[in-house]
Amino acid sequence: MVQAYILIQTEVGKATAVAESIAKIPGVLTAEDVTGPYDVIVRAEAESIDELGRMVVARVQQVEGITRTLTCPVVRL
């Protein structure tokens, strides 16, 4: 299982709607509004890094109001 944090920038005033929409996507563990350079932080998991990439591109990035994403896979050192 691969887990990642997805840092999301949204259009002004869209953070709550984006977080609520993303929270419904299968594989998303949490989606929360935050302050700072990003508007929403998501924790997600998938069976493989390829599946995670497909989730981000096909599902997360398609949510209306998102302007940019940054995916940070979790590593176990």
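Our structure's up above, just so we're on the same page.
Because the structure is a prediction, the values reported are computed rather than measured.

Caption draft 1: Structural view of the overall build of the protein chain. Within the protein chain one finds two helices and four strands. Seen in sequence order, the protein chain has helices and strands lined up from the N terminus as β-α-β-β-α-β. At 12 Å, the protein chain has a C-alpha radius of gyration in line with the 11 Å of a compact globule built from 77 residues. If one aligns the C-alpha atoms of the protein chain with their principal axes, the spans along those axes are about 35 × 25 × 15 Å.

Caption draft 2: Layout of the nonpolar core. Counting 21 residues, the largest nonpolar core has Ile8, Ile22, Val42, Met55 and Val60 as its most contacted members. Elements represented by at least two residues in this core include exactly β1 (2–10), α1 (15–23), β2 (28–33), β3 (40–46) and α2 (49–58). Apart from the residues lying within four places of it in its own chain, the contact partners of Val60 are Ile6, Ile8, Ile22, Ile25, Met55 and Ile66.

Caption draft 3: Seen up close, the side chain of Thr69. With respect to the secondary-structure elements, Thr69 resides in strand β4 (residues 66–73). At a separation of 2.9 Å, a polar atom in the side chain of Thr69 contacts the side chain of Gln61. Thr69 has contacts with Ile6, Leu7, Ile8, Val56 and Gln61, leaving out every residue within four places of it along the chain.

Caption draft 4: Molecular detail of α1. Within α1, burial applies to Ala15, Val18, Ala19 and Ile22. Along the axis of α1, the buried residues cluster in a sector spanning 100 degrees; they form a single face. Summarising the contacts, the buried residues of α1 are in contact with β1, β2, β3 and β4.

Caption draft 5: Structural context of the environment of Leu52. Positionally, Leu52 belongs in helix α2. When the C-alpha atoms of Leu52 and Tyr5 are compared, they prove to be 11 Å apart, with 47 residues separating the residues in sequence. In this view, Leu52 contacts Val2, Ala4, Ala44, Ala46 and Thr71; residues no more than four positions away in its chain are not counted.

Caption draft 6: Structural detail: the environment of Thr69. Owing to a relative accessible area of 19%, Thr69 belongs among the buried residues under this scheme. Separated by 63 residues in the primary sequence, Thr69 and Ile6 place their C-alpha atoms 6.6 Å from one another.

Caption draft 7: Inspection of the sheet that holds β1 at higher detail. Taken in spatial order, the four strands make up an open sheet running β2-β3-β1-β4, and their pairing is antiparallel. Since the sheet does not close on itself, it has two edges, and those belong to β2 and β4, each with one partner. Averaged over all pairs of adjacent strands, the angle between strand axes in this sheet comes to 20 degrees, irrespective of strand direction. Sheet analysis places β2 next to β3, joined by five bridges and oriented antiparallel. Residue Ala31 lies in a different strand from β3, and its bridge partner there is Val42. Against the sheet, α1 touches β1, β2, β3 and β4, its axis set at about 175 degrees to β2. Sheet contacts for α2: β1, β2, β3 and β4; angle to β3, the most-contacted strand, approximately 140 degrees.

Rules used throughout
Residues numbered from 1 in each chain as written. Predicted model: local features only at pLDDT ≥ 70, side-chain atom pairs only at ≥ 80, totals over all residues. Heavy atoms only, no water. Helix = DSSP H or I, 4+ residues; strand = E, 2+ residues; numbered from the N terminus. Rg over C-alpha atoms; globule rule 2.2 N^0.38 Å. Core = buried A, V, L, I, M, F, W, Y, C linked by side-chain atoms within 4.5 Å. Buried < 20%, exposed > 50% of the residue type's maximum accessible area, 1.4 Å probe, protein only. Contact = heavy atoms within 4.5 Å. Polar contact = N/O pair within 3.5 Å; in protein donor to acceptor, adjacent residues only side chain to side chain. Arc of directions from axis to C-beta. Pairing = 2+ DSSP bridges. Axes fitted to C-alpha atoms, helices over the stretch in contact; angles between N-to-C directions.

Geometric descriptors of this kind do not, in isolation, establish any biological role.
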